[in-house]
Amino acid sequence: MKADVLKLDAKKAGDVDLDDGIFGLPERADILQRVVVWQLAKRRAGTHKVQGRSEVTGTTKRIGRQKGGGSARHGAGKVSQFRGGGRAFGPVVRSHGHDLPKKIRKLGLKTALSSKLANGNLVVLDTADLKAPKTKDLVKALDKLGLSNALFIDGAEVSENFKLAAANIPNVDVLPSQGANVYDILRRQKLVLTKAAVESLTERLK
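Every value quoted in this text rests on a predicted model; they were computed, and no experiment measured them.

Draft legend 1. A look at the pattern of salt bridges. All chains considered together, the criterion is met by ten salt bridges. Lys163 is paired through a salt bridge with Glu160; the nearest N and O atoms lie 3.8 Å apart. With Lys163 and Glu160 both in helix 5 (residues 160–166), this residue pair falls three residues apart, about one helical turn. A relative accessible area of 40% means that Lys163 is categorised as partly exposed. Judged by its relative accessible area of 45%, Glu160 falls in the partly exposed class. Taking the shortest distance from any N to any O, the salt bridge between Asp173 and Arg188 comes out at 2.9 Å.

This is how it looks when you write it as structure tokens:
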């Protein structure tokens, strides 16, 4: 399928062919959900920790007599029933990551790209480059393109001027094509690909 290619000044700069096998797939919310959960699970630090009964400093002496004391038959004072005791079945340091087949990950990225195109939220730029790293210039360009919440994906490397100019603009992210992922694509309203990004993603996902 064909898609219009725009410049930063919103003028048309020709068109580009988009692979139907990458940008023309049906929407699959189940696939997107699996990939996003997998991505976010890998980000979790898993450093939450509480002290168990064996780690608490305290007496192991019996609290009172077994019988005749008028209270429950308790043993050591480090049990979870007492204030300052160890917590039973508390969280421990662990990894939250889990496996996801490569085919599902690949399908998820294709589905995310296809859904953006199907919903009219995909923009193709000729290049994403600025003469100087000025945020004011980039804001003007975004206004012309009608972009206020967008993810820009460039080729193998992102223009340093463009990256610096976009750093101070809220709701605007910039990634190289190798960093393209489902979560970042879905969290922004518009997806902006350069021609270099289209070529790189097509080669990567074909």
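Draft legend 2. Representation of the side chain of Thr202 within the structure. Looking at the secondary structure, you find Thr202 in helix 7 (residues 195–205). Setting aside anything within four residues of it in sequence, one finds Thr202 in contact with Asp19, Ile22 and Phe23.

Draft legend 3. Quick peek at the nonpolar core. Core analysis: the biggest nonpolar cluster contains 30 residues, and Leu113, Ile153, Ile185, Leu191 and Leu193 have the highest contact counts within it. Broken down by element, the residue count for this core peaks at five residues, all from helix 2 (residues 29–43). Not counting the four nearest positions on each side in its chain, Leu113 is found in contact with Ile22, Phe23, Ile185, Leu191, Leu201 and Leu205. Ranked by size, the runner-up nonpolar core spans 20 residues in total, among them Leu130, Leu147, Phe152 and Ala165.

Draft legend 4. Layout of helix 2. Between the first and last C-alpha of helix 2 there are 21 Å, a value that for 15 residues agrees with the 21 Å anticipated at 1.5 Å per step. Considering only its buried residues, helix 2 is in contact with helix 3 (102–118) and helix 6 (182–187).

Draft legend 5. Broad picture of the side chain of Ser114. Along the polypeptide, Ser114 turns up in helix 3. In contact with Ser114, other than residues within four places in its own chain, are Ile22, Phe23, Gly24 and Leu25.

Draft legend 6. How the structure looks around helix 3. Counted at 1.5 Å a residue, the expected span for helix 3 with its 17 residues is 24 Å, and the 24 Å between its end C-alpha atoms agrees. All of the buried residues in helix 3 are Ile104, Gly108, Leu109, Lys110, Thr111, Ala112, Leu113, Ser114, Ser115 and Lys116. Downstream of helix 3 by a residue or two, Gly120 has a phi angle that is positive, lying close to 75°.

Draft legend 7. The arrangement of unusual backbone geometry in detail. Even without being a glycine, Ala10 presents a positive backbone phi close to 70°. By secondary structure assignment, the location of Ala10 is in the loop between strand 1 (2–6) and strand 2 (12–17). In this structure Ala10 comes out as partly exposed when scored by relative accessible area, which is 33%. The backbone phi angle of Asn171 is positive, close to 65°, even though this residue is not glycine. Position of Asn171 relative to the elements: it lies in the loop between helix 5 and strand 5 (172–175). With relative accessibility at 39%, the residue Asn171 sits in the partly exposed group.

Draft legend 8. Quick look at the pairing of strand 6 (residues 190–194). The buried fraction of strand 6 is high, at five of five residues. Of the two faces of strand 6, both are covered, the one formed by Lys190, Val192 and Thr194 as well as the one formed by Leu191 and Leu193. Sheet analysis places strand 3 (residues 122–125) next to strand 6, joined by four bridges and oriented parallel. Looking at strand 6, one finds that Val123 is bridged to Val192. Note: strand 4 (residues 150–153) against strand 6, four bridges, orientation parallel. Pairing of Ala150 across the sheet is with Lys190, part of strand 6.

Parameters at a glance
Residues numbered from 1 in each chain as written. Predicted model: local features only at pLDDT ≥ 70, side-chain atom pairs only at ≥ 80, totals over all residues. Heavy atoms only, no water. Salt bridge = Lys/Arg side-chain N within 4 Å of Asp/Glu carboxyl O. Helix = DSSP H or I, 4+ residues; strand = E, 2+ residues; numbered from the N terminus. Buried < 20%, exposed > 50% of the residue type's maximum accessible area, 1.4 Å probe, protein only. Contact = heavy atoms within 4.5 Å. Core = buried A, V, L, I, M, F, W, Y, C linked by side-chain atoms within 4.5 Å. Expected span 1.5 Å × (residues − 1). Pairing = 2+ DSSP bridges.

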